[in-house]
Structure formats: structure tokens, C-alpha cells
Amino acid sequence: MDAYILWRNLPFPRSGSSRDLIRAHSDLAEADEYVTTVIRYVERGIFKPAPVDVLTMLQELMQRIDRLGGMASGGDQTVARSQHAYTALLDLVYRQFLEAGRPCQ
């Protein structure tokens, strides 16, 4: 629940000034939208995972943002770190959602 509460209260990261960071920001917004399926589970107990492989999407996005952050400078480096941290939080929230909704064996 802590990760969920943090995610719900954390502002969405900025986009930066480079074309690649702007694209990463857009992809992060898409992933964030998929992760909103968790809200239904928390608020209403409805377990319905997103129709895409969200965890793979988030892992690939984190790797891409890491590469961008390594090449960025100044404010864009800060933006890349913020985007990466937000993506990692989404990954944690969604993993916990999948584990919580998994039927007991």
C-alpha cells in the first residue's frame, strides 16, 4: 500500500527539452494509464490486469531513460532521473498488484 499511496500522491514528472526525453515522457504517460488498473483493484476489489505486458514496457522504458540520462546534462539530467524514479515506482506498484491478485495455489 505504501508504494500505491506514494504513486497516487506523486506529481507526474516533467518532459525535459530533448526530443528523446519528450518521447520517453509520452511513453511514461501511456504506461501510467495502464497502471491505473490498480486503482480499480484498491478501491473496488476488481482485479483486471492491463491488456499489455506492463512490466516489460516499464523495464524497457527504465533502460531507455537510463541511457538518455547518461547523455543528458543540466536540467534534462534531473528530468531523466525523475522519469526513471517514477517508472520504477510504477513497476513496483504493478508488480505488487499482480501478486495481490494472483489466486492462491
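Residues numbered from 1 in each chain as written. Predicted model: local features only at pLDDT ≥ 70, side-chain atom pairs only at ≥ 80, totals over all residues. Heavy atoms only, no water.

Enquirer: Explanation requested: the packing of helix H2 (residues 19-35) against helix H4 (residues 54-71) in the structure shown.
Expert: A packed helix pair is summarised by two numbers, namely the angle formed by the two axes and the spacing between the axes. Two elements in contact, H2 and H4, have axes whose closest approach is 10 Å; the angle formed by their N-to-C orientations is 155°. Considered as vectors, H2 and H4 are oriented roughly antiparallel to each other. Of the two elements, H2 crosses H4, and the hand of that crossing is left-handed. Residues Asp20, Leu21, Arg23, Ala24, Asp27, Leu28, Glu30, Ala31, Tyr34 and Val35 of H2 form the contact with H4, whose own contacting residues are Val54, Met57, Leu58, Leu61, Arg64, Ile65 and Leu68. Residues that form the contact of H2 with H4 fall into these classes: 12 nonpolar, no polar and 5 charged. (Axes fitted to C-alpha atoms, helices over the stretch in contact; angles between N-to-C directions. Helix = DSSP H or I, 4+ residues; strand = E, 2+ residues; numbered from the N terminus. Parallel < 35°, antiparallel > 145°, perpendicular 65-115°, else oblique. Left-handed = near helix turned anticlockwise from the far one by under 90°. Contact = heavy atoms within 4.5 Å. Nonpolar A, V, L, I, M, F, W, Y, C, P; charged D, E, K, R; others polar.)

Enquirer: Help me out: how do you make sense of the packing of H2 against helix H5 (residues 75-101) in this one?
Expert: Put simply, H2 and H5 touch, their axes get as near as 11 Å, and they point 20° apart. Classified by the interaxial angle, the pair formed by H2 and H5 is roughly parallel. In the crossing of H2 with H5, the sense of the turn from one axis to the other is left-handed. Across the interface between the two elements, Leu21, Ala24, His25, Leu28, Ala31, Asp32, Tyr34 and Val35 of H2 pack against Asp76, Val79, Ala80, Gln83, Tyr86, Thr87, Leu90, Val93 and Tyr94 of H5. By residue class, the composition of the contact of H2 with H5 is 12 nonpolar, 3 polar and 2 charged.

Enquirer: Hey, could you run me through the confidence of the model for the protein in this one?
Expert: Interpretation of this model should avoid reading the predicted coordinates in detail wherever pLDDT is low. Taken as a whole, the protein shows an average pLDDT of 94; of its residues, 97% reach a score of 70 or greater. Taking the mean pLDDT of every element in the protein, the minimum, 95, falls on helix H3 (residues 37-44) and the maximum, 97, on H2. (pLDDT = per-residue confidence, 0-100.)

Enquirer: Just checking my understanding: could you explain the pattern of salt bridges for this structure?
Expert: A side chain with one charge may pair with a side chain of the opposite charge, provided their charged atoms come close. Applying the stated rule across the entire model yields 3 salt bridges. With a closest N to O distance of 3.4 Å, Arg23 and Asp20 form a salt bridge. Here Arg23 and its partner Asp20 are both found in helix H2, 3 residues apart, which amounts to about one turn of the helix. Linking Asp91 and Arg95 is a salt bridge whose minimum nitrogen-to-oxygen distance equals 2.7 Å. Residue Asp91 and its partner Arg95 are located together in helix H5, separated by 4 residues, close to a single helical turn. (Salt bridge = Lys/Arg side-chain N within 4 Å of Asp/Glu carboxyl O.)

Enquirer: Could you clarify how one ought to interpret the packing of aromatic side chains in this entry?
Expert: For any pair of aromatic rings, geometry is given as the distance between the ring centres together with the angle between the planes. One pass over the full model with this rule turns up 6 aromatic pairs. Their ring planes at 80° and their centres at 5.9 Å tell us that Tyr41 and Phe47 sit as a pair that is edge-to-face. Aromatic side chains Tyr94 and Phe97 sit 5.2 Å apart centroid to centroid with 50° between the ring planes, which places their arrangement in the tilted category. Residue Tyr94 and its partner Phe97 are both found in helix H5; the two are separated by 3 residues, about one turn of the helix. For Tyr94, a relative accessible area of 2% puts it in the buried group. Members of the aromatic cluster, connected to one another through ring pairs, are Tyr41, Phe47, Tyr94 and Phe97. (Phe/Tyr/Trp six-rings, centres within 6.5 Å; stacked < 30°, edge-to-face > 60°. Buried < 20%, exposed > 50% of the residue type's maximum accessible area, 1.4 Å probe, protein only.)

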